[in-house]
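Here's the letter readout for the chains.
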Amino acid sequence: MMKKRGNGLIGLMLVGSIIGIMIMVTLYIGYNMEQKLREKLKTDIQKVAEQNAEAVGRTLATHAQLLQNLSKRIALRPEEQRNDYVKELRTLVQLQGYKRMAYVKSDGSFLTTDNYKGNFGKKAFFKKSMRGEIVINEVRPDQLGKADRINVISVPVRNTYTDQIEGVLFATLISDVFDKFMSINSFNDQGNAYVMTVDGKIIVNSLVHPVENVFDFFENFKEENSAEELAKIQESMSLGRTGLTSIKQGESMYFYYMPIKNRFGATPLYYVLSVPKEIVAATYKELNSQLRGVLFTALLAL
């Protein structure tokens, strides 16, 4: 009888030990799985951002290069014939998917390919291009025609012989052309993507309710975020660096930013991707639940 009790006790201890080991293994696997999921998410964020940043950079460079080539042709014509040349570009406007193009004289007056006239002398893009800059303007509603979301790309028109800037050539892109690069399907359509200037102005974004400036937007959550951390992000961007950090926009977010390769001498731009950390937590909970199910099944089998 004592021997049977002893064997039974040993059996219980053995089962207890197996259960304890299974619990420890499950916890260990769960912990490692969570860490791997976090690292995988960070890698996925970086990969998506790099691919989209490259695509945006190439798209902008293509349009900027086209405008630069056209500006050289315009420069060969006398001033009084330049608007006529722009009219000849109507077919190109359709082929490139532009909404319109125009040559803006040094006094700001212009005539577009869709016959709008006016004066852009006070426009920031005009002033910058008259100083020699290639400008990619932030997204805004079109003020000349149907209120589409648009981006203006402008380049200086330089005199062929003196190199003096005599005017500005611009093309208007409907911002939808960038939507495919704002896609964040990899993260269950959650989070936000932006193309922005170093000072936070939005060139294009995926937000349902767009904001004009990312850093101004952060001000809405300044009580949740460290002022030092936000300043660090801005400083890092001003130095052309890449980074992954955490911010709060009502919820905790991974915030990944990287410079878009500048192939055309325009204002430096950044591609930014922010993804809720909850995605990791939700995935971990599901897998952890599956692990507990396996453990429970194993315990029943014992």
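First things first, this report covers the structure right here in the doc.

Rules and cut-offs
- Residues numbered from 1 in each chain as written.
- Predicted model: local features only at pLDDT ≥ 70, side-chain atom pairs only at ≥ 80, totals over all residues.
- Heavy atoms only, no water.
- Pairing = 2+ DSSP bridges.
- Helix = DSSP H or I, 4+ residues; strand = E, 2+ residues; numbered from the N terminus.
- Axes fitted to C-alpha atoms, helices over the stretch in contact; angles between N-to-C directions.
- Contact = heavy atoms within 4.5 Å.
- Polar contact = N/O pair within 3.5 Å; in protein donor to acceptor, adjacent residues only side chain to side chain.
- Buried < 20%, exposed > 50% of the residue type's maximum accessible area, 1.4 Å probe, protein only.

Let us now look at the sheet that holds strand β10 (residues 243-248). Here 5 strands make up an open sheet; going across it, the order is β9-β8-β12-β11-β10 and the pairing antiparallel. Both outer strands of the open sheet, β9 (202-205) and β10, are each paired with one neighbouring strand and no more. Put simply, the sheet's adjacent strands are angled 25° from each other on average, direction ignored. As judged from the 6 bridges shared by strand β8 (residues 192-197) and strand β12 (residues 269-276), these two strands associate in the antiparallel manner. Residue Thr197 lies in a different strand from β12, and its bridge partner there is Leu269.

Structurally, the position occupied by Asn159 is in the loop between β6 (149-158) and β7 (165-174). Residues Asn159 and Ser71, spaced 88 residues apart in sequence, show a C-alpha to C-alpha distance of 9.7 Å. In this structure, Asn159 is in contact with Gln164 and Glu166, ignoring residues within four places of it in sequence. A distance of 2.8 Å separates a polar side-chain atom of Asn159 from the backbone nitrogen of Tyr161.

Moving on to the pairing of β8. Of all 6 residues in β8, 6 are buried; the element is thus mostly enclosed. Along β8, one buried face is formed by Asn192, Tyr194 and Met196 and the opposite face, lined by Ala193, Val195 and Thr197, is buried too. Sheet topology places β8 next to β9; 3 bridges connect them, and they run antiparallel. Its bridge partner being in β9, Tyr194 is matched across the sheet by Asn205. Hairpin connection of β8 to β9: 4 residues between the antiparallel strands, including Gly200 at a positive phi of 100°.

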